Amino acid sequence: MKITVIGFWGAYPEKGEATSCYLVEHNNMTVVIDCGSGAVSQLQNYIELKDVDAVVFSHYHADHQADLGVMQYARIVDKAIGRTSDSLLMYGHREDEAAFASLTKEPAVEGLPYNEGEALHLGEMTFTFSRTDHPVPCFAMRVEADGQSFVFTADTTYMDSLVEFSEGADLLIAETSFYADQDPTNFGHMNSTEAGRMARKAGVKQLVLTHLPHFGEHPDLVKEAKLEFDGTVELAATGKVIELKN
Ligand SMILES: [Zn+2]
Ligand SMILES: [Zn+2]
């Protein structure tokens, strides 16, 4: 699997960048996880929009789905002028019916549900989902293919259930909205210490910190996470590529 960070900011995009969005490619299957603010513009640095097979949304907060509508328009245009005949599949949870309904845009985009505890197969990749602790329903996702795996925490406080869900993953992409000395729990987020702790307890190989804050010095987040976790710790960055291979 090849994972490209398209957007990594929490809340809003810094100029020229994007909020939550990750491109995942494996054997001719192209999946986008979250489609935050600025994501559609950034995606085109790496791929043609017509080649995206599916978008999977962790939850319906704006920093994770602001570009949903323009992604739909792109497929409507691409289908109408014959650049592709494929509809775009958009997956989301059903716990907000109005938001779920917005995933469908006839005749080019089909909204489909995912459910916790049920595997979703996209090409040769298998997605599974685990509920997080956040002000709105939100799901972390684990993606597996060819014996490799990664977990994206989406937005959440520190949870033991996510440690279990991330057990043994090759890569943990963990939201890190705050610094070690800040208490993130009331905001439904994690700090750098908790991201590191989750990586250590789950026994993952590699940790990437994402959903980064608009304050402080980001390298400090890495230093703080490393006090908990001995493996590789890196910051998400626009265009950063992580290849998981056997
Ligand atoms: Zn967020
Ligand atoms: Zn959120």
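Residues numbered from 1 in each chain as written. Chains lettered and ligands numbered in written order. Predicted model: local features only at pLDDT ≥ 70, side-chain atom pairs only at ≥ 80, totals over all residues. Heavy atoms only, no water.

Caption draft 1: Seen up close, the packing of aromatic side chains. Using the criterion set out here, one finds 7 aromatic pairs in the structure. Seen from their ring centres, Y179 and F215 are 5.9 Å apart, and the 50° between their planes marks the pair as tilted. With Y179 in the loop between β11 (171-175) and α6 (192-202) and F215 in the loop between β12 (206-210) and α7 (218-226), this residue pair connects regions lying 36 residues apart in the sequence. Ring pairing ties together the aromatic residues F178, Y179, F187 and F215, which thus form one cluster. (Phe/Tyr/Trp six-rings, centres within 6.5 Å; stacked < 30°, edge-to-face > 60°. Helix = DSSP H or I, 4+ residues; strand = E, 2+ residues; numbered from the N terminus.)

Caption draft 2: Summary view of the coordination of the zinc ion (ligand 1). Bound to the zinc ion (ligand 1) on the protein side are D63 (OD), H64 (NE2), D155 (OD) and H211 (NE2), at distances that span 2.1 to 2.3 Å. What the 4 donor atoms of the zinc ion (ligand 1) show is an angle range of 87 to 160° at the metal, which sorts the shape as irregular. Here the donor residues of the zinc ion (ligand 1) share one chain and are spaced in sequence as D-H-x90-D-x55-H. Between the two metal centres, the zinc ion (ligand 1) and the zinc ion (ligand 2), the spacing is 3.5 Å, with D155 acting as a shared donor. Like D63, the residue H64 is buried in the burial classification. (Donors = N, O, S within 2.8 Å, 3.2 Å for Na, K, Ca; no water. Tetrahedral: all angles 85-135°; square planar, octahedral: opposite > 155°, others 65-115°. Buried < 20%, exposed > 50% of the residue type's maximum accessible area, 1.4 Å probe, protein only.)

Caption draft 3: Layout of the pairing of β11. In terms of burial, β11 is largely enclosed, as 5 of its 5 residues are buried. Here β11 shows two buried faces, one formed by L171, I173 and E175 and the other by L172 and A174. Where strand β10 (residues 148-152) lies against β11, 3 bridges are found, and the strand directions are parallel. Note on β11: the bridge partner recorded for F150 is L171. Handedness of the crossover is the feature at issue here: the chain leaves β10, passes through helix α5 (residues 160-165), returns alongside β11, and the resulting connection is right-handed. (Pairing = 2+ DSSP bridges. Right-handed = clockwise from strand over helix to strand, strands pointing away.)

Caption draft 4: Geometry of the nonpolar core. By size, the foremost hydrophobic cluster in this structure holds 58 residues, and its most contacted members are F127 and F150. Per element, the largest residue contribution to this core is 5 residues, and it comes from strand β9 (residues 139-145). Among residues more than four places away in sequence, those in contact with F127 are V31, I33, V56, E118, A119, L120, L122, M141, R142 and V143. Grouped together as the second largest cluster of nonpolar side chains are 24 residues, A39, Y60, L68 and L88 included. (Core = buried A, V, L, I, M, F, W, Y, C linked by side-chain atoms within 4.5 Å. Contact = heavy atoms within 4.5 Å.)

That is the geometry; function is a separate question.
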